[in-house]
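Tertiary structure, described
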Amino acid sequence: MLKKQRQFFSGCELIYNWCQDLEVELGNAGIDDSTYYRERIAYCDEFCSIFPASGELLMHNMKRAIAESYFALGNVEEGNKCFKQLIEQYPNNIWGYIGWGDMYLWPMEKDIKPDYNKAEQIYKMAVGKGIEGENHLNDRLNELKKEREKYA
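Everything numeric here is computed off the predicted structure, so don't read it as measured data.

1. Re the overall build of the chain
Secondary structure assignment for the chain yields seven helices and zero strands. Secondary structure elements of the chain, listed N to C terminal, follow the sequence α-α-α-α-α-α-α. Taken over the C-alpha atoms alone, the chain extends approximately 80 × 35 × 25 Å along its principal axes. Counting every position in the chain, which comprises 152 residues, the buried fraction comes to 38%.

Structure, rendered in structure tokens:
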């Protein structure tokens, strides 16, 4: 009697990466068709529900993608709510603050103008907390200064 052989994936890619690649590609597709931002929200929300024990970085990235997508759809109120929750859940991840501030420095929705004061307020929430990657935050504050000077 012949035994059935099972074939397993033997490549070097990780499903961990594919999950994030799909999130990124949905975001990229949303630039041309906002339907994909809605799909990105649904995908990331479902991912977080099904795989709640995923690593902190992966969960942070998925939740940040949800918040960014709401901003891209023009739902600033929901985006703010999601970023606030993200920072409360991951207060030591600098990218929550940077991502949120970026929504005001470089709005994703075409009809929304930059709000430099709001961006600065959000970025400064993380200043002096000793969070790893504060140099990236300082880069954003420098970019903010340049943008203000350009349009002053």
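Having seen the model, we can carry on.
2. A word on the side chain of H60
Tracing the chain through its elements places H60 in helix α3 (residues 56-72). For H60, the contacting residues outside a window of four places in its chain are L86, Y90, N93, W95 and G96.

3. Let's talk about the environment of N61
Along the chain, N61 falls in helix α3. Between the alpha carbons of N61 and I94 there is a distance of 12 Å; along the sequence they are 33 residues apart. One polar contact links N61 to Q20, side chain to side chain, over a distance of 3.1 Å.

4. Some words on helix α5 (residues 94-105)
Here α5 spans 16 Å end to end across 12 residues, near enough to the 16 Å set by a 1.5 Å rise per residue. With respect to burial, α5 is a largely interior element, 11 of its 12 residues being buried. If you check which residues of α5 are buried, you get I94, G96, Y97, I98, G99, W100, G101, D102, M103, Y104 and L105. Buried residues in α5 make contact with α3, α4 (76-89), α6 (116-124) and α7 (134-150). The opening residue of α5, the one whose side-chain oxygen lies 2.9 Å from the backbone nitrogen of W95, is N93.

5. So, the environment of Y90
Within the element layout of this structure, Y90 appears in the loop between α4 and α5. Separated by 34 residues in the primary sequence, Y90 and E56 place their C-alpha atoms 8.4 Å from one another. Those residues in contact with Y90 that sit more than four places away from it in its chain are E56, M59, H60 and K63.

6. Examining the pattern of salt bridges
A complete count under the given rule lists 10 salt bridges for this structure. One salt bridge in this structure joins E23 and R40, with 2.5 Å as the shortest N-O distance. Of this pair, E23 sits in helix α1 (residues 15-30) while R40 sits in helix α2 (residues 35-50), and the two are 17 residues apart along the sequence. Residues E23 and R40 agree in their burial class; the two are buried. Note that E78 and K81 form a salt bridge whose closest N and O atoms lie 3.9 Å from each other.

7. Quick notes on the environment of N75
One can find N75 in the loop between α3 and α4. With a relative accessible area of 34%, N75 lands in the partly exposed category. For the pair formed by N75 and E109, sequence separation is 34 residues and the distance between their alpha carbons is 9.3 Å. Among the polar contacts made by the side chain of N75, one reaches the main-chain amide nitrogen of E78 at a distance of 3.1 Å.

The rules we used
- Residues numbered from 1 in each chain as written.
- Predicted model: local features only at pLDDT ≥ 70, side-chain atom pairs only at ≥ 80, totals over all residues.
- Heavy atoms only, no water.
- Helix = DSSP H or I, 4+ residues; strand = E, 2+ residues; numbered from the N terminus.
- Buried < 20%, exposed > 50% of the residue type's maximum accessible area, 1.4 Å probe, protein only.
- Contact = heavy atoms within 4.5 Å.
- Polar contact = N/O pair within 3.5 Å; in protein donor to acceptor, adjacent residues only side chain to side chain.
- Expected span 1.5 Å × (residues − 1).
- Salt bridge = Lys/Arg side-chain N within 4 Å of Asp/Glu carboxyl O.

Shape descriptors only; they carry no functional weight alone.
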